[in-house]
Amino acid sequence: MGRLEGKIAFISGGASGLGEAMVRRFIEEGATVAFGDVDSARGAQLADETGARFLPLDVSQEEQWGVAIGSVEAAHGRLDVVVNNAGILGTGPLETIDLERWNRLFAINCTGVMLGCKHGGLAMQRNPGGARGSIINISSNAAILATAADCGYSATKGAVMQMTKSIAVNFARRGLAIRCNSIHPGPTDTPIFTPWRATDEANAALDKALLEMVPMGRLGKPREIANMALYLASDESSFSTGSQFVVDGGGTSALAGM
Ligand SMILES: NC(=O)c1ccc[n+]([C@@H]2O[C@H](COP(=O)([O-])OP(=O)(O)OC[C@H]3O[C@@H](n4cnc5c(N)ncnc54)[C@H](O)[C@@H]3O)[C@@H](O)[C@H]2O)c1
């Protein structure tokens with residue numbers, strides 16, 4: 001208890017799945033939490049239940065980031081942690097890519113993360129007492145091993161990994177005490193897969209495909225990813241920046257089946 005005592009945290013895509021688990025975990029450890037999401041109904045419900053503050057946010061819209069982060073600063077006078085978690089699944093394989101869908105995917109998974117780093121990082125530079133903070137970008141195991149089935153998703157998550165390193169080094173070389181790291185979850189049981197679970201057959205096929213990626217033989221639990229975010233949000237990770245934190249049940253450790 002108390003690992004985030006006194007810290008002000010903002011989580012994007014906090015209304016569901018991994019983001020929701022982070023909202024709950026950060027509050028358990030003493031943080032004051034605000035979160036943004038496009039799902040206002042679920043956001044309001046989670047805010048009521050947890051005491052976190054919900055702010056409507058489409059991460060692809062820069063002016064909405066300005067309003068959300070400005071509102072956190074106005075309420076609390078500082079910002080210590082930003083988790084860029086909002087994301088969607090992708091485009092399918094190359095031959096069937098629809099350009100509108102591709103652009104929307106990049107706007108959310110890639111531009112949305114950059115905007116969170118930009119506005120979160122600027123707010124952290126305004127913190128009383130000097131620049132300080134931790135930015136955590138949710139990438140994926142798909143940044144490390146690509147999926148043939150989803151060209152766009154792998155591309156956006158690879159971009160998030162590389163963007164994280166650039167931002168981290170930029171801050172560090174300027175002497176700013178703002179860290180930036182990425183988390184790479186393996187398949188984790190969240191509503192992101194709901195559209196692929198429409199029938200019993202589809203459900204079974206999806207679980208089979210997901211479990212083949214995990215030597216541990218099970219899906220991750222959202223809290224297991226939230227625990228990594230908690231470590232990176234806390235001062236326990238004070239010497240880590242620009243790094244990739246894999247939480248995937250061993251999935252990126254060996255070639256499939258070998
Ligand atoms: N679940 C997994 O297996 C897994 C694995 C690796 C990486 N990830 C990544 O973790 C992150 C969270 O995924 P999840 O599994 O919790 O999914 P989820 O669908 O349960 O939650 C995603 C949340 O993001 C919100 N969101 C979507 N578009 C948004 C936008 N434009 N602006 C603001 N909010 C928006 C959704 O409303 C939802 O609340 C994503 O970036 C995803 O790519 C998930």
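About the criteria used
- Starting from 1, residues in each chain are numbered consecutively following that chain's sequence as written.
- Restriction of local features to residues with pLDDT of at least 70 applies here, the model being predicted, together with a cutoff of 80 or more for giving and counting side-chain atom pairs; totals for whole chains, interfaces and linings are based on all residues.
- To get the side-chain values, all heavy atoms of the structure are used, and hydrogens and water are removed first.
- Definition used in this section: a nonpolar core is a set of buried Ala, Val, Leu, Ile, Met, Phe, Trp, Tyr and Cys residues joined via side-chain atoms within 4.5 Å.
- Relative accessibility thresholds used throughout: buried, under 20% of the residue-type maximum; exposed, over 50%; partly exposed, between the two (1.4 Å probe, protein chains only).
- Throughout this document, a residue counts as near a molecule or strand when at least one of its heavy atoms sits within 4 Å of that molecule or strand.
- Pairs of N or O atoms are called polar contacts if they sit within 3.5 Å, as long as, within protein, a hydrogen donor faces a hydrogen acceptor (for residues adjacent in sequence, only side-chain-to-side-chain pairs).
- For every accessible area listed, the method is Shrake-Rupley and the probe measures 1.4 Å; residues are considered covered only by the protein chains on display.
- The helix and strand labels rest on DSSP assignments: H or I over at least four residues marks a helix, E over at least two residues marks a strand, and numbering proceeds from the N terminus.
- Any residue outside Ala, Val, Leu, Ile, Met, Phe, Trp, Tyr, Cys, Pro, Asp, Glu, Lys and Arg is labelled polar, Gly included; the first ten of those are nonpolar and the last four are charged.
- By disulfide we mean two sulfur atoms from cysteines, separated by a distance within 2.5 Å.
- Throughout, a contact is declared for two residues whenever any of their heavy atoms are within 4.5 Å.
- Every axis in this analysis is a line fitted to C-alpha atoms, fitted for helices over the stretch in contact. Angles between the N-to-C directions lie between 0 and 180 degrees.
- Angles below 35 degrees are treated as roughly parallel, those above 145 as roughly antiparallel, those between 65 and 115 as roughly perpendicular, and all remaining angles as oblique.
- Crossing chirality is assigned from the near helix's rotation relative to the far helix, an anticlockwise turn below a right angle marking it left-handed and a clockwise turn marking it right-handed.
- We define a salt bridge as a side-chain nitrogen of Lys or Arg found within 4 Å of a carboxyl oxygen belonging to Asp or Glu.
- Here, the term right-handed applies to a crossover whose path from the first strand over the helix to the second runs clockwise when the strands point away from the viewer.
- Pairing between strands is defined by DSSP: at least two bridges between the two strands are required.

Engineer: So what's going on with the nonpolar core? Residues and values would help.
Structural biologist: Counting 30 residues, the largest nonpolar core has I11, M22, F26, F35, V83, I136 and I183 as the members making the most contacts within it. In terms of nonpolar packing, the next biggest core, distinct from the first, is built from 29 residues, C110, C117, I167 and A168 among them.

Engineer: Which residues make up the site of the ligand, and what are the values?
Structural biologist: Near the ligand you find 30 residues, and of these S16, D37, Y153, T188 and T190 are the closest. Measuring from a nitrogen atom of the ligand, one finds a backbone N or O atom of V59 at 3.0 Å. One of the side-chain N or O atoms of K157 is found 2.9 Å from an oxygen atom in the ligand. A total of 830 Å² of accessible area belongs to the ligand in isolation, and the protein chains cover 92% of it. Elements represented by at least two residues in the shell around the ligand include exactly α1 (17-28), α4 (99-125) and α5 (151-173). Of the residues assigned to the shell around the ligand, the class counts are 15 nonpolar, 10 polar and five charged.

Engineer: Describe in detail the state of the cysteines, supporting the description with residues and values.
Structural biologist: Per the stated rule, a full pass over the model turns up zero disulfides. Looking at the unpaired C110, the closest cysteine sulfur is the one in C117, lying at 10 Å. Here C151 is not disulfide-linked; the sulfur of C110 is the nearest cysteine sulfur, at 13 Å.

Engineer: Tell me about the side chain of N84, and please be specific about residues and values.
Structural biologist: Following the sequence through the fold, N84 ends up in strand β4 (residues 81-84). At 2.9 Å, the side chain of N84 forms a polar contact with the side chain of N137. Setting aside anything within four residues of it in sequence, one finds N84 in contact with S12, W65, G112, V113, G116, C117, I135, I136, N137 and I138.

Engineer: Lay out the packing of α1 against helix α7 (residues 222-233) with the relevant residues and their values.
Structural biologist: Closest axis-to-axis distance for the α1/α7 pair is 8 Å, and the angle between their directions is 55°. Comparing the axis directions of α1 and α7 gives the class oblique. As for the relative orientation of α1 and α7, their crossing is right-handed in sense. For the pair α1 and α7, contact is made by G17, L18, A21, M22, R25, F26 and E28 and by P222, R223, I225, A226, N227, A229, L230 and A233, respectively. Here the contact of α1 with α7 is built from residues that sort into 10 nonpolar, two polar and three charged.

Engineer: Account for the pattern of salt bridges, with residues named and values stated.
Structural biologist: Tallied over the full model, the rule gives 16 salt bridges. Between E20 and R24 there is a salt bridge, with the nearest N and O atoms lying 2.9 Å from each other. With E20 and R24 both in helix α1, this residue pair falls four residues apart, about one helical turn.

Engineer: I'd like to hear about the pairing of strand β1 (residues 8-12), residue by residue, with values.
Structural biologist: For β1, the buried fraction is high: five of the five residues fall into the buried class. Of the two faces of β1, the one carrying I8, F10 and S12 and the one carrying A9 and I11 are both buried. Assessed by its sense of winding, the connection that carries the chain from β1 through α1 to strand β2 (residues 32-37) is right-handed. With three bridges joining them, β1 and β4 adopt parallel strand pairing. Bridging across to β4, F10 finds its partner in V82.

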